[in-house]
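Observations on chain architecture
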Protein chains: 2
Amino acid sequence: MAKIWANSGDSHLVEPEDLFTTRLPADLAARMPRSEKDEDGSYETIHVDGQSFRRRMPRAGQLTDPETGLTVDERAPGANDPHLRLKDLDQEGIWAELTYPSIGIWTSSIHDPVLLREGMKAINDWAIEYQHVSPRYVCTASIPLLRVEEAVAEIERAAGLGFKAAFFPVAPPTQMDDWHAEIWNPVYAVLEETGLVLSYHIGTEPHDASTMNGLYYRGPGGALLNYVETTYGGQRAVSKLIASGVFDRYPELKVMVSEGGATWGPFLADRLDEGYRQHASQVRPMLNRLPSEYLYSNVYASFQHDRSAPAALTAMKWQNVLWGSDYPHVEGTFGHTQKTLHELFDDVDEVSRRRITVGAFEELFPHVPPAPDSSDD
Amino acid sequence: MAKIWANSGDSHLVEPEDLFTTRLPADLAARMPRSEKDEDGSYETIHVDGQSFRRRMPRAGQLTDPETGLTVDERAPGANDPHLRLKDLDQEGIWAELTYPSIGIWTSSIHDPVLLREGMKAINDWAIEYQHVSPRYVCTASIPLLRVEEAVAEIERAAGLGFKAAFFPVAPPTQMDDWHAEIWNPVYAVLEETGLVLSYHIGTEPHDASTMNGLYYRGPGGALLNYVETTYGGQRAVSKLIASGVFDRYPELKVMVSEGGATWGPFLADRLDEGYRQHASQVRPMLNRLPSEYLYSNVYASFQHDRSAPAALTAMKWQNVLWGSDYPHVEGTFGHTQKTLHELFDDVDEVSRRRITVGAFEELFPHVPPAPDSSDD
């Protein structure tokens, strides 16, 4: 069976436990997010910015791979080591990766702009070292979002360090105006100017450390409902940029939405167009083009297993569909990447398959060396 | 140009102003929803169940058709008269319609179960008369949802009257458990038993009369964002039924989602499958089949203008895609139905076009006489 090589539009780094203690003054390091796990693994204490919370271990830590029964930590032991990781990637047939931080899940509990700014710098200084190990790593820079001017400054610094993408949560910190507000224009401007891809990862709605992220539903089917709910944040973020005219002001801005599937693209484009045309008398601002045109040109998205996603490109003509591994997470394809890629693409024409597995990624990140040709083993 | 005849999976009746005064005891009629409009048309007073609210006229009333500049009331003058309405439908090329009530937008403000029960009966007694005018009308029965046993009773009564579908809001009244809770099993059971189609209309989240329905966002792009947001409620409702095992218990239950587009079907099916497989250790209940199989077999959806929707059937193989006119609403196709149908279907194969324009509707409502053949005028 031919090995299919694919770039991944959605992967994750796991920051080392000593990241902050080795890179920040002790008083700041002590206030950055950290988890103390109970010996039996069932509860943890979260310390962040002077607050402490006892909570059951989040579901992600308990989740096991349905095929192997292994947890996230066990199933991909190379994930934390940039050299070992390349062996995992080679084995799976993953060439380059857009990687997101893991610690980001807690940063919405930080309310001190100075602490947030210094913490993000520390994460970025670590992540760029990871990126330097191999041109196959495209790490996202973490951005302090409590002050617009500091977000701009860190994006400029990140671009100087060599970052090609910036991680954004699907909604800003709760004390800030939303993504369609004009205050964010300087951020969009500097992203366009530096060429950094605005990279949303789904499931990153800001929340307090005392609440379980993503717990919207309980009762029968709750886990499945919560999983589905995470996807909408990415669609909302994209809608906010389009509806508020961001792409008229910053036409070169590129946006990536990772892990939320891809078939939503044509769907959302059509919904936006219908609202724009049929509610024209209510629409402010008017846009230079139809909403769908921005989505089809400026927005990209990655999926893992979605059977319908290739047809979002082949039949619905959205060229910006990417595949993603979600390595090393349990929602991802680690351990069955080749099986998944063949199921997805064996019936897809070569041009479309190449666009989804490598081409769209290369368009976003042209500095990355080309993936090996998919070939018979 | 050939006239395309299509059934509509999404249309609306507008109840006459004297509906409650002519059909309910005076003390109940006085408490049912009623709007007093100011002379200048900018404000109205809503009276419902002993409460009164002053508010700006809702957007729907101010919306004008982008092509004609006419309001909803002006653009389709036949809508309120079941005989004149048929002339509108003939002109547009719409054959049969699944119709929803309009007064339903206020019923979530009724907190007295007796008032709600009697009010729903009055609406249904009126709607069934409308339906009797022509077999082209498939009216949805309104269901009192404050007591499960009364919902069951009204569904049984409605089935006896000749209703073939029941209107459900995308979320139950706020004081009731959500659609995935077990308390609703008797309702799903009686819907399956009577064969009534469980028909969700998007944008029907319960809300208090003092709040503007569907106002989630303000600021730049707000109207467009609010329009998009309405679609997610239908997806959530379907997800709740699937995830909680409703279709394992009631495998013959058919569900319709009107006005929210259709490309979300394959998208949601894939998201549910990924969550179900990759989070298997957390999923309760386990299901007999993959989530996507229920969605592809038991769930139907209608769209108006969405360019990508036909490919949800032709390329993504969801057979349950319906077109809908949304007559007489401004989001709908009145005045440009033939133009829209041709844009949507001129490049679609005949079998798929027939399935979307008439076949899926006929599968849900086999009692409806067949639409005329689409033919050259």
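Residues numbered from 1 in each chain as written. Chains lettered and ligands numbered in written order. Predicted model: local features only at pLDDT ≥ 70, side-chain atom pairs only at ≥ 80, totals over all residues. Heavy atoms only, no water.

Okay, the relation of the copies chain B and chain A next. Superposing chain B onto chain A takes a rotation of 180° combined with a translation of 0.0 Å along the rotation axis, leaving an RMSD of 0.0 Å. In the structure described here, the two chain copies are related by an operation that fits a two-fold rotation axis. The overlap is high: 100% of the interface residues of chain B also sit at the interface in chain A, so the same surface is used on both sides. (Least-squares fit on C-alpha atoms with pLDDT ≥ 70 in both. Contact = heavy atoms within 4.5 Å.)

The predicted model of chain A averages 92 in pLDDT, with 96% of residues at 70 or higher. Per the prediction output, this complex has pTM 0.95; the corresponding ipTM is 0.95. (pLDDT = per-residue confidence, 0-100.)

Another aspect to go through is the sheet that holds strand β4 (residues 43-48) of chain A. Residues and elements named next belong to chain A. Reading across from one edge, β3-β4-β5 is the order of the three strands in this open sheet, with antiparallel pairing throughout. Edge strands, defined here as strands with exactly one partner in the open sheet, are β3 (34-37) and β5 (51-56). Between one strand axis and the next, the sheet turns by 25° as a mean value, whatever way the strands run. Relative to β4, β3 is paired through four bridges, and the arrangement is antiparallel. What sits directly across from Glu-36, in β4, is Thr-45. (Pairing = 2+ DSSP bridges. Helix = DSSP H or I, 4+ residues; strand = E, 2+ residues; numbered from the N terminus. Axes fitted to C-alpha atoms, helices over the stretch in contact; angles between N-to-C directions.)

What follows concerns the packing of aromatic side chains. Residues and elements named next belong to chain A. Using the criterion set out here, one finds 25 aromatic pairs over all chains in the structure. Aromatic pair Tyr-296 and Trp-318: ring centres 6.4 Å apart, planes at 45°, arrangement tilted. One end of the pair, Tyr-296, is in helix α13 (residues 291-298); the other, Trp-318, is in the loop between α14 (309-314) and β12 (321-323), with 22 residues separating them in the sequence. Judged by relative accessible area, Tyr-296 falls into the partly exposed class, the value being 21%. Members of the aromatic cluster, joined through ring pairs, are Phe-168, Trp-179, Trp-184 and Tyr-200. Here Arg-289 stacks its cationic end above the ring of Tyr-294, 5.2 Å away from the centre of that ring. (Phe/Tyr/Trp six-rings, centres within 6.5 Å; stacked < 30°, edge-to-face > 60°. Buried < 20%, exposed > 50% of the residue type's maximum accessible area, 1.4 Å probe, protein only. Lys NZ or Arg CZ within 6 Å of the ring centre and 35° of its normal.)

This part takes up the interface of chain B and chain A. Contacts between the two partners involve 67 residues from chain B and, on the opposite side, 67 residues from chain A. The junction of chain B with chain A conceals about 5,600 Å² of combined surface from both sides, 60% of it contributed by carbon and sulfur atoms. The largest share of the area that chain B buries against chain A comes from Leu-224, Arg-271 and Gln-278 of chain B, three residues that together contribute 13% of it. Where chain B meets chain A, there are four salt bridges. Close ionic contact of Arg-271 of chain A with Asp-306 of chain B constitutes a salt bridge, the shortest N to O distance being 3.1 Å. The interface formed by chain B and chain A contains 28 residue pairs in polar contact (both at pLDDT 80 or more). Elements supplying a minimum of two residues to the side of chain B that touches chain A: α3 (59-62), α10 (222-243), α12 (264-278), α13 (291-298) and α14 (309-314) of chain B. (Buried area = accessible area lost by both parts, 1.4 Å probe. Salt bridge = Lys/Arg side-chain N within 4 Å of Asp/Glu carboxyl O. Polar contact = N/O pair within 3.5 Å; in protein donor to acceptor, adjacent residues only side chain to side chain.)

Attention shifts here to the packing of helix α12 (residues 264-278) of chain A against α13 of chain A. Residue and element names in this part refer to chain A. The geometry of α12 relative to α13 is characterised by a closest axis approach of 7 Å and an angle of 155° between their N-to-C directions. With respect to each other, α12 and α13 are oriented roughly antiparallel. Contact with α12, carried on its side by Trp-264, Gly-265, Pro-266, Leu-268, Ala-269, Leu-272, Asp-273 and Tyr-276, involves Pro-291, Ser-292, Leu-295 and Tyr-296 of α13 and no other residues of that element. In terms of residue class, the contact of α12 with α13 is built from nine nonpolar, two polar and one charged. (Parallel < 35°, antiparallel > 145°, perpendicular 65-115°, else oblique. Nonpolar A, V, L, I, M, F, W, Y, C, P; charged D, E, K, R; others polar.)

Structurally, Arg-56 of chain B is set in strand β5 (residues 51-56). Separated by 48 residues in the primary sequence, Arg-56 of chain B and Ser-8 of chain B have C-alpha atoms spaced 31 Å apart.

This part takes up helix α16 (residues 350-364) of chain A. Residues that lie three or four places apart on an α-helix share one face, since the helix turns once every 3.6 residues. Residue and element names in this part refer to chain A. For α16, with 15 residues, the first-to-last C-alpha span of 20 Å sits near the 21 Å given by 1.5 Å per residue. The axis of α16 is deflected most strongly, by about 55°, at Ile-356. Residues Ser-352, Arg-353, Arg-355, Ile-356, Thr-357, Val-358, Gly-359, Ala-360, Phe-361 and Leu-364 constitute the buried set of α16. Among the residues of α16, the N-terminal cap falls to Asp-349, whose side-chain oxygen and the backbone nitrogen of Val-351 are separated by 3.2 Å. (Expected span 1.5 Å × (residues − 1). Bend = angle between axes of the 7 residues up to and from the residue.)

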